[in-house]
Amino acid sequence: MPETCLVKSGNGLSREKRNGELLFSAEKISYFFVLNVLIYWGGYWKVSGCFDSERKALTTFRKSLNDFSNLLSSWDDDASDCCKWRGITCHNITGFVLKLDLHATYRVGGRIDPALVQLKHLQFLDLSDNAFNGAPIPDFLGSMKELRHLNLSEAGFSGRIPHQLGNLTKLVSLKLSSSSLSAKNLWWLTSLPSLNYLDMSYVNLSMASHDWVHVMNMSPSLVELSLIECGLSYISPTLPSVNFTSLRVLHLSENNFNSSIPNWIANISSLVSLDLSYNNFHGEVPHRFSQLPNLEELWLGSTDDNLRVDWSEFLEGSWRKLKKLDLSFSQLHGGIPNSIWNMTSLESLSLSFSENITGSIPRAITKLINLESLSLYGYKMHAAIPDWLHELKNLKHLSLQDCMLTGPIPAAHLGGLSSLEELDLSRNQLNGNIPAALGGLSSLLYLSLLGNQLNGNIPASLGGLSSLEELILSGNQYNGNIPAALGGLSSLVYLDLSMNQLNGNIPAALGGLSSLQTLSLGENQLNGTIPTTLGQLSNLYWLDLSYNSLTGNVSESLFENLKKLMSLHLSSNSLVFVPHSDWAPPFQLSYLDLGSCHLGPRFPLWLRTQKYVGLLDLSNTTISGIIPTWFWDLTPQLLKLKLSNNQIFGQLPNPFKMQPWAIIDLSLNNFSGPIPCILNGARVLDLSNNQFSAPIPPNFTSTMQYLEYFSAKGNQINGTIPSFIEGMKSLIVLDLSRNNIGGIIPLSLGNCVALEAVDLSNNRLLGEIPRSLGQLRRLRTMHLSNNSLSGKILLSLKKSAGLETIDLGYNNFSGHISTWISKSFPTLRILCLRSNKFTGNIPPQLLNLTSLQLLDVAQNCLSGSIPQSFENLMAMKNEQKINHVLFHGGIESSYYKENLLVSMKGLVFEYTRTVLLVTCMNLSRNNLSGEIPEGFTGLLGLRALNLSGNHLTGKIPDKIGKLALLESLDFSENQLSGTIPLSMSNLTFLSCLNLSFNNLWGKIPSGNQLQTFQDPSIYMGNIGLCGPPLLDKCVSDETPPGPGYVEKDEEEDEMRWFYSGLGPGFAVGFWALCGILVLKRSWRIVYYRFFDKMKDRLF
C-alpha cells in the first residue's frame, strides 16, 4: 500500500515535471517570439533607434521647459534619435527610454508637461537642483509605475508632496529634499515595499511629527533614511519592536526633538552611520551606542549644551569600528581621558565647543594611529601648542581654532606633519613670527592663522606651498613687505592678508596667481600704485584693497581681463578713477565700494552697465550735481546705497524703491524737497545734514516696520512727529535733531520698545515728556535739549534703568531735581539739566552716581549749599584714560555717536569721539550759598569746574592744586574771600581761569601755568588783589617764596608790624600838622579858607 502510493506519487511528480518542462519550453518560445516581434516592430516604428511616440513625448516635454543655459539644444525636432539627446539613456536592445537625467548641470525650469507619462518604461528620473520656481510636484508622476529612482531634490518645487507617489510600488530610491515642500502625513510611504533609500531632508514634516517613526518602522527594506531639518518635534521614546533590520544610515540632525535620546536607536544593530546632531536632545548619551557592532560614524553635536557625556561609560565597550566621532557642543566635563586611545579605528574626532571641557590634550591621542582629522574648536587649553603633535603622522586636518593657545608656533612640532592638508590656528593668542618650517608642509591645502598676535615679516618660504589653495593671515600684526614669493602659489584660490601692518608696494608677482578668486589686502599700510599685473587675474571674483595708502590713477586697462569680478573694494585710499564716458566694463559687479576715491565731479556713467549690483558705496568721492535719472532705475535691486559726504543736490524720487531691509545713507549732501516714501522699507535710513523740508509724510512709516536706524538731523523738516511712528517696532535709533519740528512728543513713541537712542534736540517741541517713554526699557541716551518742553521729570522714566545720557538742557522744566535719579540710573554718565527752572537744593543723592562724568545744572534757580560728600563720584575721582566712540544701535557702519555740548573755557565745545574722556561739573548761575566743599579737591579726574554766578563765601580750598588735570576753572561772580592758594600754580593743564568779581586779596601767585595768564580781566573786581597781570603793585616786590613757604605766617608778620607802627605814626603826623599851622601863618589862612569854601558848597 505505501509502495503503491509511492509509485503513484512518483509518477505524478514525473508527469508534473514533464509538464513543467514543456511549459518552460513554451514560455521560452513565447519570450523569443515576443522579443522578435518587439525587434521587428521596433525596427518598423523606430527611426535611428528611438521610438517615435517617445520622441514626440520628449519634444512636448522640452517645449514646456525654460532652458536657461541652452543645454538642451540637442533635443531637436528633426533629430529623430532621441536616445542620443543630452540626458537621455535608452535600452540597448528595445530602444525604450529608461533614464531621464536633467539634474543641476542643465539648469532648467518652467513646468513638467503630462506628456512625460508616455515614457512608459522610464525607470530613472532626476530633475534635482533646477529652477521650477515654486511649481507643485505633478500628481501624474504617480502613474509612472516603472520608476525605480526619483530625484526631485532642490528643484524649485513647492507645496504638498502628492500622496500619489505612493503608487510607485517599484520605487527603490526617493529623494525629495527641499525646504519649499511639505507633507501632512507619511502613510503613503508604507505602499513602497521596495524602498531602500529615502531622503526628505528640509521638507516641512511638522504636521507628521507624531507618526513618522511608526511609518518608517513599517518599511523594513529601508537602508538609508535622511530627515535632516524637517521641523520634527517628537520622536517616540519606545517601540514595541524595531523593524529597521536593514537600516545602515540614519540622519536626523537639526530637528527640534526636546527629549532624551530614545534607547531603541541603540537596538538597530545594522547601523553604520548615525547623525543625531544639533537637536534639543538632553540628558545622558545612551552608553549602549558603544555596543553597536557595525557603527562607523556617530554625530551627537548639540545646540543647547544640554546633552551630557559620561566619559567613563561612553568609552566602555567596543568602539573598534568607529571611524568618525563628533561630540561638538556637548557637555563634556574635565579633560579628555587617556582611555580615548581605545577607539583604535578612529579617523575623525571633533570635540568643538564642548561645554566645560578644559585642560591639555592627553598624549594618549597619539596612539590613534589612523587619526586623520582632529577638531578642537573652542577647547579652552590656556597652554602652548602640544609638542607631540608631530607623532600623528597620518593627520590631515587639524583645527585648534579659538583654543586660547599661547606662545609661539613651534616649528619642529608642526613641521613634521608631512600629511597635513588643513591647519587652522585662528583666533588664539599666539605670538612671535610665522616659522619658516611651515613652508615645508608640501601637502597643505588650507592655512589659517587669523586673529592672533603674530608679528614680524611673512616668511618667503610660504611661497613653496605649491598645493596651497587658501592662505588666511588676516587680523595680526605682520609688518614689512608682502613677499613676492607668494606669487609662486600656483594653486592658490583664496588669499587674505587684511588687517595687518603690511607696508610697501603690492608685489607685481601676485599677478601670476592664475587660479586666484579672492584677494583681500585691505586695512594695511600699503602704498604706491596698484600694479597692472593684477589685471591678469582672470579668475578673480573678489578684490579688496581698501583702507590703505594707495595712490595714483586707476586705469581702465586694469579691468580688461577681470571678467569674473563680482566684488571691488578700493575705498579709503587716494586713488583717482575717472574712466572715459563711453567705457563699458567687462564685469558685472554685485558689490562696489569706492568710498573716498576721486570719481567726480560727474556721476560715473559706467555704472549704467552694472545690472546686478546690490551693494554700492560712493561716499566721499567728490561727486557733485544732480544724479542722472537712469540711476534710479538701478536702485530697486540695491540692498545697500551710500552716497554720503558729496555735493549732490536735487530731489529723491517719490516713491523711492530698494530691496527690503536696505541700508540707505545719503547724509552730508544737498538733497532737498520732501522725504520720500521708501517702498519695501529699509533697515537703515540716514538723511542727515541735507536740506530736506516739509513734514514727515503720513505714509512714511507704513513700510518701515523693520527700520532700525533713522536719522534726519540737520535738515529743515517742519510739522510734527507723526503719531503713527508706533508702527516702527524695530527702531533702535531715532535722530530728528536740528530741525524745525513742533508740537508735542507723541505718546505712541513709547511703543517703539526697541529704542536705545532718542535725539529730538534743537527743535520747537512743546508740552511735557509723555509718560509712555517709561516703556522704553532699552533706552540708553535721551537728548531733548533746546526745545520748549516743560513740566517735571517724570517718575515713569525710572523704568529706563539703562540710561547713560540724559540731556534736558535749555527747556522750561521746573520743580525739584528728583532724588531717585541715582538709584534708578546706576550707569548714568551724563546729566545735563542746564538752563531750565529747577528749584530747591542739589540732592546729595546725585553724588552717588559712580559712573557720572558730566554734571551740568547751570542756569537754574537752585539754592542752598553744595553737598559735601564726593567720594562716590568714581568717574570724576579717576582719570579717564580709555577712550572709544560711545555709540548706540550699530547697524552696518551706521550708528548713533554720543555727542554733547559742554560749556568750558568760556566757549561751547561739541564732543563726540572723545566724550568718554570729558569729566566736568558745572553748577554756575544759580543761588547756591555757603563755602566751596573741600571734597572737590578729591575729584582728581576733573577737567572742568564751574561754580560762577552764585553766592559762595569763604576761601578757595587750599588743596585746589591737587586737581592736576583741570583745564578750566571758573569761580567768578561769587563772594569768595582770602588769598589765591599758592597750590594753584600746580595746575599745569589749566588753560582757562576766571576768579573775577569776588573779595579776594593779596598777591596773585605766579609760576608754572599761572605765568601764562596775562589777561587782567580774570582777576578784576577783587579790590585787594595785586601783582601781575594787574597794574596794582604789591607793597613788597620780593620774589614769591618757594613751595615750602607758608603764606599765613607772612600775613601775620605784616599785620603785626602794621599795628605796632599805627600809634606812633598817628602821633607824629598829628603834631607835625598842628605845629606847622601854629608856626606858619600863610598855611593857616589857606587851611581855614579851604574849610569855609567846603561849607558853602555843602550848605
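Anyway, here's the lowdown on the structure attached to this text. Predicted, not measured: the structure shown is a model, and the values here were computed from it. (Residues numbered from 1 in each chain as written. Predicted model: local features only at pLDDT ≥ 70, side-chain atom pairs only at ≥ 80, totals over all residues. Heavy atoms only, no water.)

## A look at the overall build of the protein
Working step 1: When helices and strands are counted, the protein shows nine helices and 74 strands.
Working step 2: Counting only residues that meet the buried cut, the protein has 49% of its 1099 residues in that class.
Working step 3: For the protein, the computed accessible surface area is about 49,300 Å², with 53% contributed by carbon and sulfur atoms. (Helix = DSSP H or I, 4+ residues; strand = E, 2+ residues; numbered from the N terminus. Buried < 20%, exposed > 50% of the residue type's maximum accessible area, 1.4 Å probe, protein only. Areas by Shrake-Rupley, 256 points an atom, 1.4 Å probe, with all protein chains shown as cover.)

## Side note on the sheet that holds strand E71 (residues 977-978)
Working step 1: Taken together, the three strands give an open sheet; going across it, the order is E71-E73-E74, and neighbouring strands pair in parallel fashion. In the strand order of this sheet, the two ends are held by E71 and strand E74 (1024-1026), each with one partner.
Working step 2: Bridge analysis of E71 against strand E73 (residues 999-1003) gives two bridges, and the strand direction is parallel. Across the sheet, the residue bridging to Gly978 is Leu1000, located in E73. (Pairing = 2+ DSSP bridges.)

## Considering the environment of Leu72
Working step 1: Relative to the elements of secondary structure, Leu72 occurs in the loop between strand E1 (65-67) and strand E2 (88-90).
Working step 2: With 13 residues separating them in the primary sequence, Leu72 and Trp85 have C-alpha atoms 7.9 Å apart.

## Some words on the nonpolar core
Working step 1: Among the nonpolar cores identified, the biggest contains 285 residues, and Leu189, Phe289, Phe314 and Met921 are the most heavily contacted of them.
Working step 2: Counting only elements with at least two residues in this core, the list comes to helix H2 (52-63), E2, strand E3 (97-101), helix H3 (212-217), strand E16 (307-309), strand E44 (662-665) and strand E47 (682-686).
Working step 3: With four residues, the single largest contributor to this core is H3.
Working step 4: Discounting residues that sit within four places of it in the chain, Phe289 has contacts with Ile261, Ile265, Ala266, Leu274, Leu276, Leu295, Leu298, Leu300 and Trp319. (Core = buried A, V, L, I, M, F, W, Y, C linked by side-chain atoms within 4.5 Å. Contact = heavy atoms within 4.5 Å.)

## Quick notes on the state of the cysteines
Working step 1: The full count for this structure, using the stated rule, is three disulfides.
Working step 2: Across the disulfide, Cys83 is cross-linked to Cys90 (sulfur-sulfur distance 2.1 Å). Across the S-S bond of Cys83 and Cys90 the torsion is about -100°, and the bridge reads as left-handed.
Working step 3: Sulfur-sulfur distance for the disulfide between Cys1026 and Cys1034 comes to 1.9 Å. As the torsion about the S-S bond is roughly 100°, the Cys1026-Cys1034 disulfide counts as right-handed. Considered together, Cys1026 and Cys1034 belong to a single accessibility category, that of buried residues.
Working step 4: If one numbers only the bonded cysteines of the protein, in the order they occur, the disulfide pattern is 1-2, 3-4, 5-6. (Disulfide = S-S within 2.5 Å.)

## Side note on unusual backbone geometry
Working step 1: Asn654 connects to Pro655 through a cis peptide bond whose omega is 10°.
Working step 2: As for its placement among the helices and strands, Pro655 is situated in the loop between strand E42 (647-651) and strand E43 (656-657).
Working step 3: Here the amide bond leading from Pro1028 into Pro1029 is cis, since omega sits at 10°, within 30 degrees of zero.
Working step 4: Counting through the fold element by element, Pro1029 comes out in the loop between E74 and helix H8 (1047-1079).
Working step 5: Even without glycine at this site, Asn645 takes up a positive phi of about 60°.
Working step 6: Relative to the helices and strands, Asn645 resides in the loop between strand E41 (640-642) and E42.
Working step 7: A positive phi angle, near 60°, is found at Tyr810, a position not held by glycine.
Working step 8: Looking at the secondary structure, you find Tyr810 in the loop between strand E56 (805-807) and strand E57 (812-816).

## A short note on the sheet that holds strand E45 (residues 670-673)
Working step 1: Spatially, E40-E42-E45-E48 is the arrangement adopted by the four strands of the open sheet, whose pairing is parallel. This sheet does not close on itself; its edge strands, each paired only once, are strand E40 (624-626) and strand E48 (691-692).
Working step 2: Note that E40 and E42 share three bridges and pair parallel. Its bridge partner lying in E42, Ser624 is registered against Gln647.

So far we have only geometry, and geometry alone does not tell us how the molecule works.
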